[in-house]
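Residue-level listing of the chains:
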Amino acid sequence: MRDWKLAFHTRSHWVHHHMSLFDSVAAIREAGFDAVEISMPHLHSLKIETMSAADRQAFRRRFADLGMEIAAISGHSTICHEDDQIRQQELAFFKQAIDFAADVGAEVVNTHAMYRQVGQPTGFFRPEPGERMRDFMRRAHGDPPAERRGFVLDILGDLASHAARRGVFVGLEDLDPTPVMLWENLVREINSPGLRMNLQVRRGTTPAKAYRERADIVHHFHLLPPQEGAGFEGWSRGEYIEFISALEELSYPRDYFTIEEHSELDPNVTAPQIQRYFRQLLV
């Protein structure tokens, strides 16, 4: 078994306690993790568009001084908005996130394509009162219309080229296999070292099966912990072990094992529990 680096997403500490990035990092380190994925709210809080080269080097040293690594950055942006003005703003920020990642030593900037029509808002949709999670996911993360596939392809291709030039990659979330495997096929068609898949496994299959089907393009993953809420479900111990075995057998290319929690529970309580659970499985 390889020497895995266990990473935790800073999302929960922001959502539940509105903790600053470095307070979140300190809490995650205290819980026993080796690395973090910086959430989108934390990324915005850094005001990366105004950070100088010296600021970025100082930021990188601060992580090193804490003994922590940056496994990834969540750069989620509405990059495929049909409103040209909005799209250009979102794309500009995402490219800034790619540049920031390269400067601070983070290898991946995650996103999903977030297709939106004119008149729709940017960012994440929120569930309506009483809306079932399955219906919400279909509404919030549905595929773009078939006739706009080329539109999405061009945007992702441009971002992939920018990322490749900076020596990082865009981690495109698939949000589970769709009937036409849209996101998987786009990654394969673009075929760039600057675009890979960020595996999300939430329903309909197991993590091991999903990874085995797309191992050649998956360079990052978000794994749910066993106890989840907010409509998300974790996996059994056996399914986690099967996933780890698949990663080992198929030579997964990175050493970060990243957990993203969506629970309503307090991450200051759950993070140490999650760390112990997965550390035992990864030995």
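Heads up: these notes are all about the structure in this document. Given the structure is predicted, the values throughout are model-derived calculations rather than measurements.

**Quick word on the overall build of the protein**
Looking only at helices and strands, the protein features 11 helices and 10 strands. With the principal axes as the frame, the protein shows a C-alpha extent of 50 × 45 × 40 Å. Across the 283 residues of the protein, 52% fall into the buried class. For the protein, restricting intrachain contacts to residue pairs at least 6 apart in sequence, the fraction spanning at least 24 positions comes to 78%. Approximately 12,500 Å² of the protein is accessible, and the part contributed by carbon and sulfur atoms is 48%. Distance from the positive charge centre (32 side chains) to the negative charge centre (41 side chains) of the protein: 1 Å.

**Looking at the sheet that holds strand 3 (residues 69-74)**
Pairing within the open sheet is parallel, and its eight strands lie in the order 9-8-7-5-3-2-1-10. Edge positions in the sheet fall to strand 9 (218-222) and strand 10 (256-259), since each of these pairs with one other strand and no more. Between one strand axis and the next, the sheet turns by 30° as a mean value, whatever way the strands run. Across four bridges, the pairing between strand 8 (residues 195-200) and strand 9 is parallel. Directly across from Gln200, in strand 9, lies its bridge partner His222.

**Some remarks on the nonpolar core**
Counting residues in hydrophobic clusters, the biggest one holds 77 residues, and the most contacted among them are Phe59, Phe257 and Phe278. If near-sequence neighbours (up to four positions away) are discounted, Phe278 is found in contact with Leu6, Leu223, Leu224, Pro225, Pro226, Tyr240, Phe257 and Ile259.

**Topic: unusual backbone geometry**
Even without a glycine there, the phi angle at Met114 is positive, about 45°. Secondary-structure assignment places Met114 in the loop between strand 5 (108-111) and strand 6 (115-116). Exposure remark for Met114: the relative accessible area of 4% places this residue in the buried category. Of note, the phi angle at Ser251 is positive, near 55°, even though the residue is not glycine.

**Here we look at the pattern of salt bridges**
Tallied over the entire structure, the rule returns 17 salt bridges. Between Asp84 and Arg87 there is a salt bridge, with the nearest N and O atoms lying 2.7 Å from each other. Residue Asp84 and its partner Arg87 are located together in helix 5 (residues 84-104), separated by three residues, close to a single helical turn. One salt bridge in this structure joins Arg188 and Asp216, with 2.3 Å as the shortest N-O distance. Of this pair, Arg188 sits in helix 8 (residues 182-190) while Asp216 sits in the loop between helix 9 (207-214) and strand 9, and the two are 28 residues apart along the sequence. Given a relative accessible area of 49%, Asp216 falls into the partly exposed group. Several salt bridges share partner residues, and in doing so they unite Arg56, Asp99, Asp103 and Arg166 into one network.

**So, the environment of Glu189**
In this fold, Glu189 is placed in helix 8. A polar side-chain atom of Glu189 sits 2.8 Å from a polar atom in the side chain of Arg149.

**Description of the pairing of strand 8**
With six of six residues buried, strand 8 is to be regarded as a mostly interior element. Two elements, strand 7 (residues 169-173) and strand 8, share four bridges in a ladder whose sense is parallel. Looking at the pairing, Leu172 lines up with Met197 of strand 8.

**Description of the packing of helix 9 against helix 10 (residues 237-249)**
Two numbers describe how helix 9 lies on helix 10: the axes approach to 7 Å, and their chain directions differ by 20°. The pairing of helix 9 with helix 10 is recorded here as roughly parallel in orientation. For helix 9 against helix 10, the interelement crossing comes out right-handed. Contacts between helix 9 and helix 10 involve Pro207, Ala208, Tyr211 and Arg212 from the former and Glu242, Phe243, Ala246, Leu247 and Glu249 from the latter. Considering only residue class, the contact of helix 9 with helix 10 consists of six nonpolar, no polar and three charged.

What counts and what doesn't
Residues numbered from 1 in each chain as written. Predicted model: local features only at pLDDT ≥ 70, side-chain atom pairs only at ≥ 80, totals over all residues. Heavy atoms only, no water. Helix = DSSP H or I, 4+ residues; strand = E, 2+ residues; numbered from the N terminus. Buried < 20%, exposed > 50% of the residue type's maximum accessible area, 1.4 Å probe, protein only. Contact = heavy atoms within 4.5 Å. Areas by Shrake-Rupley, 256 points an atom, 1.4 Å probe, with all protein chains shown as cover. Lys, Arg positive; Asp, Glu negative; His and termini not counted. Charge placed at Lys NZ, Arg CZ, Asp CG, Glu CD. Pairing = 2+ DSSP bridges. Axes fitted to C-alpha atoms, helices over the stretch in contact; angles between N-to-C directions. Core = buried A, V, L, I, M, F, W, Y, C linked by side-chain atoms within 4.5 Å. Salt bridge = Lys/Arg side-chain N within 4 Å of Asp/Glu carboxyl O. Polar contact = N/O pair within 3.5 Å; in protein donor to acceptor, adjacent residues only side chain to side chain. Parallel < 35°, antiparallel > 145°, perpendicular 65-115°, else oblique. Left-handed = near helix turned anticlockwise from the far one by under 90°. Nonpolar A, V, L, I, M, F, W, Y, C, P; charged D, E, K, R; others polar.

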